[in-house]
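Here is how the chains run, residue by residue.
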Amino acid sequence: MKNTKKTKRTLQFFAAWDYEFEEQEFNRMSEQGWQLVSGGSFTQKYEYDDSVIYRYQLDYNNDVKDMARYDETFRDAGWERVNSNFNGWHIFRKVYDKSLPDEEYEIYTDEQSRVEMLKRWRRVCYIGFGMVLINFGNALRILDTSDAGFIGVGLMLACGMTFGMLIAGVLNINRMIDGRKNTRP
């Protein structure tokens, strides 16, 4: 039975260090006829078109000075930019041809470029650590007041969870930089 719905929105969280899993999800959806129109950390929008299958790749670069040149570089290699997010992630796609090798669908043709991208993201995680520590200090000050209540405790819990996620992220990024697979369960 042919799908009659034209658009679909999904709500799915992808952590930055899970970008490979995000790519796999976009690829899986494309194989089902759902082509990504816009994607982000929490929501994705797809349009139904079963006449084509794409392979998706993500690039993290929060310092693109000339977007036209950036796009041209990818376009020359057969990639189309789907969208970019405020935080520096760019989603690209390329029409899939199963007769071509998998390496044809990698935006990083050399290991050094992939490692540089991962190091850019790791630097952002380190900045996140600083922000969490500042908020942890604020939470301690709130707890020191007589009306601490749930605000201070909630802020402490949020800081702890964010700190834990950042540690997991940096550890996974370091594994990927070292050439080992992401350890997502």
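One can find the structure itself at the top, above this paragraph.
Keep in mind the model is a prediction, meaning the values are calculated, not measured.

Considering the pairing of strand E4 (residues 54-60)
Then, number 1: For E4, the buried fraction is high: 7 of the 7 residues fall into the buried class.
Then, number 2: Neither face of E4 is open: one carries Tyr54, Tyr56, Leu58 and Tyr60, the other Arg55, Gln57 and Asp59, and all of them are buried.
Then, number 3: Two strands pair when backbone bridges link them, and E4 and strand E6 (residues 89-95) are joined in this way by 7 bridges, in the antiparallel orientation. Across the sheet, the residue bridging to Arg55 is Lys94, located in E6.

Section: the sheet that holds strand E5 (residues 80-84)
Then, number 1: Overall, antiparallel pairing links the 3 strands, which are arranged E4-E6-E5 in an open sheet. For this open sheet the edge positions go to E4 and E5, each flanked by a neighbour on one side alone. Within this sheet the neighbouring strands show an average axis-to-axis angle of 25°, counted without direction.
Then, number 2: The sheet strands contacting helix H1 (residues 19-31) are E4 and E6, and the helix crosses E4 at an angle near 155°.
Then, number 3: Set on the sheet, helix H2 (residues 67-76) makes contact with E4, E5 and E6; between it and E6 the angle comes to about 35°.

Re the pattern of salt bridges
Then, number 1: Counted according to the given criterion, the structure contains 8 salt bridges.
Then, number 2: Across the pair Arg28 and Glu25 runs a salt bridge whose closest N-O atoms are separated by 2.7 Å. Here the residue Arg28 and the residue Glu25 both occupy positions in helix H1, the gap between them amounting to 3 residues, near one helical turn.
Then, number 3: For Arg28, a relative accessible area of 39% puts it in the partly exposed group.
Then, number 4: Between Asp63 and Lys65 there is a salt bridge, with its nearest N and O atoms 2.8 Å apart.

Describing the side chain of Gln44
Then, number 1: Here Gln44 lies in strand E3 (residues 43-48).
Then, number 2: Looking at Gln44, its side chain comes within polar contact range of the side chain of Thr10, at 2.6 Å.
Then, number 3: Looking at Gln44, its side chain comes within polar contact range of the main-chain oxygen of Gly40, at 3.3 Å.
Then, number 4: Gln44 has contacts with Lys8, Arg9, Thr10, Leu11, Gln12, Phe14, Phe26, Leu36, Ser38 and Gly39, leaving out every residue within four places of it along the chain.

Thoughts on a nonpolar patch on the surface
Then, number 1: A cluster of nonpolar side chains, namely Leu11, Phe13, Phe42 and Met165, defines an oily patch on the protein surface of about 470 Å² accessible area.
Then, number 2: Residue Met165 is classed as partly exposed on the basis of its relative accessible area of 40%.

Topic: H2
Then, number 1: Looking at H2, one finds that the buried residues are Tyr70, Asp71 and Phe74. Summarising the axial view, the buried residues of H2 lie within an arc of 95°, below the 170-degree limit, and thus occupy one face. Structural note: H2 exposes Ala68, Arg69, Thr73, Arg75 and Asp76 on the side pointing more than 90 degrees away from its buried face.
Then, number 2: Contact partners of the buried residues in H2: E4, E5 and E6.
Then, number 3: Where H2 ends, the next residue or the one after it, Gly78, has phi of about 95°, a positive value.

About the thresholds
- Residues numbered from 1 in each chain as written.
- Predicted model: local features only at pLDDT ≥ 70, side-chain atom pairs only at ≥ 80, totals over all residues.
- Heavy atoms only, no water.
- Buried < 20%, exposed > 50% of the residue type's maximum accessible area, 1.4 Å probe, protein only.
- Helix = DSSP H or I, 4+ residues; strand = E, 2+ residues; numbered from the N terminus.
- Pairing = 2+ DSSP bridges.
- Axes fitted to C-alpha atoms, helices over the stretch in contact; angles between N-to-C directions.
- Contact = heavy atoms within 4.5 Å.
- Salt bridge = Lys/Arg side-chain N within 4 Å of Asp/Glu carboxyl O.
- Polar contact = N/O pair within 3.5 Å; in protein donor to acceptor, adjacent residues only side chain to side chain.
- Patch = residues over 30% accessible without salt bridge, like charges linked within 9 Å, V, L, I, M, F, W, Y side chains within 5 Å.
- Areas by Shrake-Rupley, 256 points an atom, 1.4 Å probe, with all protein chains shown as cover.
- Arc of directions from axis to C-beta.

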